[in-house]
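Close look at the chain arrangement
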Amino acid sequence: MNGAESLVKTMLDNGVDTCFANPGTSEMHFVAALDGHPEMRCILCLFEGGTSGAADGYARMSGNVAATLLHLAPGFGNAFSNLHNARKAGSGIMNIVGDHASYHLKYESPLKGDVEGVSSAVSHWTRTCDSARSVARDGAAAIAAARARGGQIATLILPANTAWDAGESAAIHPSLPALHRPSEAQIAAAADVLHQPGACLMIARDALYGPLFQLAGQIAHKTGCRLLADTAAARIERGGGAVQIEQLVYHIDGKLGQLSDARHLVLCGQHRPVAFFAYPGKPSLPEPAQCQVHPLCDPDMDIDWTLRALAKALGVAADEPIHKITLDLPDMPDGAVTLEKAGAAIAALMPENSIIVNESVTAGFALLSATRTARPHDLLITTGGAIGQCLPCATGAAVACPDRKVIALTGDGSAMYTLQSLWTMARERLDVVIVVIANCGYQILHGELLAVGVDSVGHNARRMFDLVDPMLDWVALAKGHGVPGARAASMEEFDSALSTGFETPGPYLIELVIPQE
Ligand SMILES: Cc1ncc(C[n+]2csc(CCOP(=O)(O)OP(=O)(O)O)c2C)c(N)n1
Ligand SMILES: [Mg+2]
């Protein structure tokens, strides 16, 4: 068994069986080893931003570690942006990055680069294998690192000779270090403030779906506190029957308004909330000065234990009720396209148990408000503010959940970053309905220019914000990637395209034409 084979066996023995890949020459022995194991699902992504974003979506929806295969420093660099988003989401990802054979690195070959340097900037854990005999153990350590602290980015750099030289047998990963927990005194203090006026419990990560979300809902009901989630949450359960929660909006002014009555902010699985950006004359922090922030449990701590301890301290009974969202399906809209009507159409038609992946930027507020009371679903959001995440993330979510419909809501600007994901969706026959909000530009940046205090948009700014001349033809772009689609310029066309998308297996793209003023 060579080093590469020992790594593939180690991955499979440790439950890592899905690899989003974009290989090159330095990974050929690893590719050959993957070839020997059809039980490993290898998914080709035609750009590394697609591999990392898909790994993120897969990890968020499966709860399991996703593997990526990347080609030296340039390949890793291409993956960087969506690894940044994955890091913020707490997704467990194991990157395997090929490098030149160690003896080749003393020469200045074309692909030589600082793999450790580029990896360390975004990975929690980086290791270069120094011998084929340690590859299995290093691989097991990488998987353990990816599973540690609620999910981390772990990068294993595999010089080509450590892949082809003789390795050792597969290794089982070491036990994970125990997660840090708040003290009993902190739990008691948090339980105490949650009863007080203006108390908010802000939750994230695993607390936003499944049994922990229910428990958080019971805590809110018992204490009367507000239940909050941040703007860029990794995964939230929503729709009829889901726990009622209020999400902070993007704009700082909106955030300030939402938190103006807050007096205690208890954070569980969550860092202190902060404005997306600094703006001249505006605060960085959204809560008022008289609000006390209680950092109970950081994202990498034991969220499960913390919520259970909090519930116990509060005497929350097993049958404590929960404020739930009432299912409310809108009528099918008709006439001219508006974002509100588009949201209503999606809400009316989306099947139960769908997964919405949202990167519709300025359209997000209208689309997500409308779908809040739709049939039960999960919502995934771009966690790190780095756009180009939607299509890859939808790809990975669809791989993780083959029985669920994925709905990718993307801005036209955002979709262009990682468009190649459409091809992967077509090749893997993934059930994704893609709605491209074709407003012909980086609409948000018009508003951001005003928000930072610049009051005129001139020739150069317009040239940097507007995607016109030439116009993007989304149906043609989809077709070129093997994805069928339709253009919708009225609500009737949108309703019918959505129905087609939801009824047809495999990917389907809808270009929603937004009327220009
Ligand atoms: C990696 C990365 N590059 C650039 C940006 C800056 N940026 C934020 S939103 C945006 C444009 C979004 O355009 P689109 O997806 O069409 O949404 P719209 O604003 O039109 O609603 C840009 C370029 C970013 N957030 N991330
Ligand atoms: Mg746009």
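Below is a short write-up of the structure. Think of each chain on its own: its residues are numbered from 1, step by step along the sequence as written. Think of it this way: whatever chain is written first is A, whatever ligand is written first is 1, and the rest follow in order. With pLDDT at 70 or above as the cut-off, local features in this predicted model cover only qualifying residues; side-chain atom pairs require 80 or more to be listed or tallied, and sums for whole chains, interfaces and linings still use all residues. Note: side-chain values were computed over all heavy atoms of the structure, leaving out hydrogens and water.

This part covers the coordination of the magnesium ion (ligand 2). With distances of 2.1 Å, the protein atoms coordinating the magnesium ion (ligand 2) are D412 (OD), N439 (OD1) and G441 (O). In this analysis a donor is any N, O or S atom within 2.8 Å of a metal ion (3.2 Å for sodium, potassium and calcium), and since water is not included, sites may seem incomplete. Written as a sequence motif, the donor arrangement for the magnesium ion (ligand 2) is D-x26-N-x1-G. Remark: G441 occurs in the loop between strand 16 (432-438) and helix 17 (443-451) and D412 occurs in helix 15 (residues 412-415); sequence separation between them is 29 residues. Exposure remark for G441: the relative accessible area of 7% places this residue in the buried category. In this description a helix means any DSSP run of H or I spanning at least four residues, a strand means any run of E spanning at least two, and both kinds are numbered starting from the N terminus. Burial classes follow relative accessibility: with a 1.4 Å probe on protein chains only, a residue under 20% of its type's maximum area counts as buried, one over 50% as exposed, and anything between as partly exposed.

It is worth spelling out the sheet that holds strand 3 (residues 66-71) at this point. What makes two strands pair is DSSP finding at least two bridges between them. Overall, parallel pairing links the six strands, which are arranged 2-1-3-4-6-5 in an open sheet. Two strands in the sheet have a free side with no partner beyond their single neighbour: strand 2 (41-44) and strand 5 (125-128). Sheet twist, expressed as the average angle between the axes of neighbouring strands with direction ignored, equals 20°. Relative to strand 3, strand 1 (residues 18-21) is paired through three bridges, and the arrangement is parallel. A fitted line through C-alpha atoms serves as each axis, taken over the contacting stretch for helices, and the angle formed by two N-to-C directions is quoted from 0 to 180°.

Now for a nonpolar patch on the surface. A surface patch of nonpolar side chains, amounting to about 230 Å² of accessible area, comprises V361, I387 and Y417. Note that I387 resides in the loop between strand 14 (377-381) and helix 14 (390-400). Candidate patch residues must exceed 30% relative accessible area and have no salt bridge, after which like charges are joined if within 9 Å and Val, Leu, Ile, Met, Phe, Trp or Tyr side chains if within 5 Å. Note that accessible areas follow from Shrake-Rupley with a 1.4 Å probe, and for residues the cover is restricted to the protein chains shown. Throughout this description, the term salt bridge denotes a Lys or Arg side-chain nitrogen within 4 Å of a carboxyl oxygen of Asp or Glu.

Here helix 1 (residues 3-13) crosses helix 2 (residues 28-35) at 50°, and the two axes come no closer than 8 Å. The pairing of helix 1 with helix 2 is recorded here as oblique in orientation. As for how helix 1 packs across helix 2, the hand of that crossing is right-handed. Judged by residue contacts, A4, E5, L7, V8 and M11 of helix 1 engage H29, F30, A33 and L34 from helix 2. Here is the rule for angles: anything less than 35 degrees is roughly parallel, anything more than 145 is roughly antiparallel, 65 through 115 is roughly perpendicular, and the remaining ranges are oblique. In this scheme the handedness of a crossing depends on how the near helix is turned from the far one: anticlockwise by less than a right angle means left-handed, clockwise means right-handed. Contacts were defined at the residue level, with two residues in contact if any of their heavy atoms lie within 4.5 Å.

Looking at ligand 1, there are 17 residues lining it, with T362, D412, G413, S414 and G441 nearest. Within the side chain of S414, an N or O atom sits 2.6 Å from an oxygen atom of ligand 1. The separation between an oxygen atom of ligand 1 and a polar main-chain atom of I444 is 2.7 Å. Here ligand 1 loses 78% of its free accessible area of 590 Å² to cover by the protein chains. Nearness here has a simple test: a residue counts as near a molecule or strand if at least one of its heavy atoms is within 4 Å of that partner. The term polar contact refers here to a pair of N or O atoms within 3.5 Å; inside protein, the definition further demands a hydrogen-donor-capable atom paired with an acceptor-capable atom, and it admits residues adjacent in sequence only when both atoms are side-chain atoms.

In this structure, the second largest pocket encloses a volume near 450 Å³. Space inside and on the surface of the protein is sampled on a 1 Å grid over the protein atoms alone, with a cavity defined as a set of points where a 1.4 Å probe fits but cannot get out and a pocket as an open set with protein on both sides within 12 Å along at least 5 of 7 lines; lining residues have an atom within 4 Å of a point. Considering the residues around the second largest pocket, the lining is formed by 25 residues, among which G90, G150, G151, D206 and Y209 are closest to the centre. Looking at the lining of the second largest pocket, the elements that each hand over two or more residues are helix 3 (48-62), helix 6 (135-147) and helix 11 (303-313). Residues belonging to the lining of the second largest pocket are distributed by class as follows: eleven nonpolar, seven polar and seven charged. Grid points are joined across faces, edges and corners, and a volume is the space filled by probe spheres set on the points. Note on residue classes: Ala, Val, Leu, Ile, Met, Phe, Trp, Tyr, Cys and Pro are nonpolar, Asp, Glu, Lys and Arg are charged, and everything else, Gly too, is polar.

Quick look at the packing of aromatic side chains now. The aromatic pairing rule takes the rings of Phe, Tyr and Trp, using the six-membered ring of Trp, and pairs them if the centres are within 6.5 Å, calling planes under 30 degrees apart stacked, those over 60 edge-to-face and the rest tilted. By the definition in use, this model includes three aromatic pairs. With a centroid separation of 5.9 Å and 65° between ring planes, the pair formed by F20 and Y58 is classed as edge-to-face. Placement of F20 in strand 1 and of Y58 in helix 3 is noted, with a sequence separation of 38 residues between them. Judged by relative accessible area, F20 falls into the buried class, the value being 0%. Here Y250 and F276 contribute two aromatic rings whose centre-to-centre distance is 4.9 Å and whose plane-to-plane angle is 55°, an arrangement assigned as tilted. Here Y250 is found in the loop between strand 10 (246-247) and helix 10 (252-258), whereas its partner F276 is found in the loop between strand 11 (264-268) and strand 12 (292-297), with 26 residues between them in sequence.

In this section: the environment of G384. Its location among the elements puts G384 in the loop between strand 14 and helix 14. Of the residues examined, G384 reaches a relative accessible area of 21% and is grouped as partly exposed. Placed 300 residues apart in sequence, G384 and H84 show a C-alpha to C-alpha distance of 6.3 Å. When residues no more than four places from it in sequence are discounted, the contact partners of G384 are H84, N85 and K88.

Side-chain pairs of opposite charge can arise whenever the charged atoms involved come near each other. For the structure shown, the criterion picks out 14 salt bridges. Two residues, R226 and E246, come together in a salt bridge whose shortest N-O distance is 2.9 Å. Highlighted residues: R226 in strand 8 (residues 226-229) and E246 in strand 10, separated in sequence by 20 residues. In this structure R226 comes out as partly exposed when scored by relative accessible area, which is 25%.

With ten of eleven residues buried, helix 14 is to be regarded as a mostly interior element. For helix 14, the complete set of buried residues consists of C390, L391, P392, C393, A394, T395, G396, A397, A398 and V399.

Read these as layout, nothing more, since geometry by itself doesn't imply function.
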